[in-house]
Amino acid sequence: MPAPAAATLGLPAARPFVGPEELAREAGFSSLVRLGANESAFGPAPGARAAIVREIDRIAWYGDPEAAELRAALGERLGCAPEHLTFGSGIDDLLGLLVRGWLAPGDVAVMTRGSYPTFAYHAIGYGARLETVDYGGDGTVDLPALAAAARRHAARVVYLADPDNPSGTSAGHAAVAAFAAQLPPETLLILDEAYVEFADDAALRGAALVSNVARLRTFSKAYGLAGARIAYALGVPELRAVLDRIRLHFGVGRLSQAAALAALADDAHLAGVVAATVAGRADYAALGERLGLRTLASQTNFTCFDLGSPARAQAAVRDLLGRGIFIRKPGAPPLDGHVRVTVGTPAERAAFAAAFEAVLA
Ligand SMILES: *Cc1c(COP(=O)(O)O)cnc(C)c1O
């Protein structure tokens, strides 16, 4: 085989995610109780399912590269013009485009060590230099340290997930807005809002546009459409103009666009999912209390349980997998002694609780 580019060969072989299908094959199960990828246990809106079935008759056609109908509908809901919205095949795709758009090889990007890994995957892949700051001792994102690192390194990009994954914590709208305002003028803030629907602070769900911020939202979590791969960037029109130069124009499929459009129209389903998730978080907090484990205050659809040491957390992940239950463990301190568990259905939560208690014993 002809040699690949040296820069590509130099990349680490590690992937950001080993999927539950592969874990199931390795553990000898046909499927797992999926509480490790923060997928929705409550599924998509019935209308989204029906839209996919209807749209199958036109599957021979590409999806609309402008996603015009969807952008108009979403713009109306958010109170912004369609020029402020760009769709991609998941936040993971949009992160790659933003990195390619804003980071030349050698440019510095800043993020929290151990936060959601796809940004780092792309940044390293495009040859950027990644600088990290640690979570605070309480497992929350250290915004002052992140802002200081951005200034110190004259970072071109800062990545912040709020609410954060894997901690599940949120700084709240006012703190995030103040953080964005403190960044150097040459710094783009990539604000990953994958879990914003689950947060108590409704102000996080606004559509305020600041010229140095790219806000990313997805249909993968609260809308229950992770397998459809559809998400959007919200920002000033100049942001879309850059993304238009590099995005894959047929990258978002017809079925996904139709499903997202229908999902947007079902507020009752979304509210039901959020309420069921909040109830599940309370369940997990009570479980932690019963088992003598501290839990982090979650603003997402998952909860982190503190097992006290990385070895104990690793063992819990392994032993639960042996019982057919898929969860994950954060990789970096101070969260690496925790396990992260997605809110499942009541039946899945009961199965998890019983197995968790057994493996800890
Ligand atoms: C799950 C998750 C994503 C992935 O979003 P997709 O739209 O499915 O690519 C992005 N960011 C964070 C913080 C996540 O937890």
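Quick caveat: nothing in here was measured; it's all calculated off a predicted structure. (Residues numbered from 1 in each chain as written. Predicted model: local features only at pLDDT ≥ 70, side-chain atom pairs only at ≥ 80, totals over all residues. Heavy atoms only, no water.)

### Re the site of the ligand
In step 1: Around the ligand sit 14 residues, and of these Asp-192, Tyr-195, Thr-218, Ser-220 and Lys-221 come closest.
In step 2: Measuring from an oxygen atom of the ligand, one finds a backbone N or O atom of Ile-91 at 2.7 Å.
In step 3: A distance of 3.2 Å separates an oxygen atom of the ligand from a polar atom in the side chain of Lys-221.
In step 4: For the ligand, the accessible surface in isolation is 390 Å², of which the surrounding protein chains cover 94%. (Near = heavy atom within 4 Å. Polar contact = N/O pair within 3.5 Å; in protein donor to acceptor, adjacent residues only side chain to side chain. Areas by Shrake-Rupley, 256 points an atom, 1.4 Å probe, with all protein chains shown as cover.)

### Here we look at the sheet that holds strand β5 (residues 157–161)
In step 1: The strand order β2-β8-β7-β6-β5-β3-β4 describes an open sheet built from seven strands, whose pairing is mixed. Taken across any chain shown, the strands that pair with only one partner, and hence form the sheet edges, are β2 (85–88) and β4 (129–133). In this sheet, neighbouring strand axes are inclined to one another by 20° on average, regardless of whether the strands run parallel or antiparallel.
In step 2: Relative to β5, strand β3 (residues 108–112) runs parallel, the two being bridged by two bridges. Its bridge partner lying in β5, Val-110 is registered against Val-158.
In step 3: Sitting on the sheet, helix α4 (residues 68–78) is in contact with β2, β7 (213–218) and β8 (231–234), with an inclination near 130° to β2. (Pairing = 2+ DSSP bridges. Helix = DSSP H or I, 4+ residues; strand = E, 2+ residues; numbered from the N terminus. Axes fitted to C-alpha atoms, helices over the stretch in contact; angles between N-to-C directions. Contact = heavy atoms within 4.5 Å.)

### Describing the packing of aromatic side chains
In step 1: Taken as a whole and assessed by the stated rule, the structure comprises 12 aromatic pairs.
In step 2: Between Phe-87 and Tyr-232, the ring centres sit 5.6 Å apart and the planes meet at 45°, which makes this aromatic pair tilted. Of this pair, Phe-87 sits in strand β2 while Tyr-232 sits in strand β8, placing them 145 residues apart in sequence.
In step 3: Judged by centre distance (6.0 Å) and plane angle (50°), the ring pair of Phe-305 and Phe-352 falls under tilted. Taken together, the positions of Phe-305 in strand β9 (residues 302–306) and Phe-352 in helix α13 (residues 346–360) put the pair 47 residues apart, joining distant regions of the chain.
In step 4: An aromatic cluster is built from Phe-87, Phe-219, Tyr-223 and Tyr-232, whose rings are joined through pairwise contacts. (Phe/Tyr/Trp six-rings, centres within 6.5 Å; stacked < 30°, edge-to-face > 60°.)

### Focus: the environment of His-84
In step 1: Here His-84 shows up in the loop between α4 and β2.
In step 2: Spatially, the C-alpha atom of His-84 lies 23 Å from that of Gln-182, the residues being 98 residues apart in sequence.
In step 3: Discounting chain neighbours no more than four positions away, the residues touching His-84 are Leu-209, Ala-233, Leu-234, Gly-235, Val-236 and Pro-237.

### Let's talk about the nonpolar core
In step 1: Of all hydrophobic cores here, the largest spans 57 residues; its most connected members are Phe-87, Leu-98, Phe-119, Ile-190 and Phe-219.
In step 2: Examining the composition of this core, we find that seven residues originate from one element, helix α5 (residues 91–102), more than from any other.
In step 3: Those residues in contact with Phe-219 that sit more than four places away from it in its chain are Phe-87, Gly-224, Leu-225, Ala-226, Ile-230, Ala-231, Tyr-232, Ala-260, Ala-263 and Leu-264.
In step 4: Membership of the second largest hydrophobic core comes to 23 residues, among which are Leu-143, Ala-150, Val-176 and Phe-179. (Core = buried A, V, L, I, M, F, W, Y, C linked by side-chain atoms within 4.5 Å. Buried < 20%, exposed > 50% of the residue type's maximum accessible area, 1.4 Å probe, protein only.)

### Overview of the packing of α5 against helix α6 (residues 118–125)
In step 1: Look at α5 against α6: their axes get within 9 Å of each other, and the N-to-C directions meet at 35°. In terms of crossing hand, the pair formed by α5 and α6 is right-handed. Facing α5, whose interface residues are Asp-92, Leu-95, Gly-96 and Val-99, α6 presents Thr-118, Phe-119, His-122 and Ala-123.
In step 2: Here the contact of α5 with α6 is built from residues that sort into four nonpolar, three polar and one charged. (Left-handed = near helix turned anticlockwise from the far one by under 90°. Nonpolar A, V, L, I, M, F, W, Y, C, P; charged D, E, K, R; others polar.)

### What about the packing of helix α7 (residues 143–152) against helix α8 (residues 173–182)?
In step 1: The geometry of α7 relative to α8 is characterised by a closest axis approach of 10 Å and an angle of 15° between their N-to-C directions. The orientation of α7 with respect to α8, classified from their angle, is roughly parallel. Taken as a pair, α7 and α8 cross one another with a handedness that is right-handed. On α8, the residues touching Leu-143, Leu-146, Ala-147 and Arg-151 of α7 are Ala-175, Phe-179 and Gln-182.
In step 2: For the contact of α7 with α8, the residue count by class is five nonpolar, one polar and one charged. (Parallel < 35°, antiparallel > 145°, perpendicular 65-115°, else oblique.)

### Notes on unusual backbone geometry
In step 1: Cis geometry marks the peptide bond from Asn-165 to Pro-166; its omega dihedral reads 15°.
In step 2: Within the secondary structure, Pro-166 is located in the loop between β5 and α8.
In step 3: A cis amide bond links Pro-333 with the next residue in sequence, Pro-334, at an omega value of 5°.

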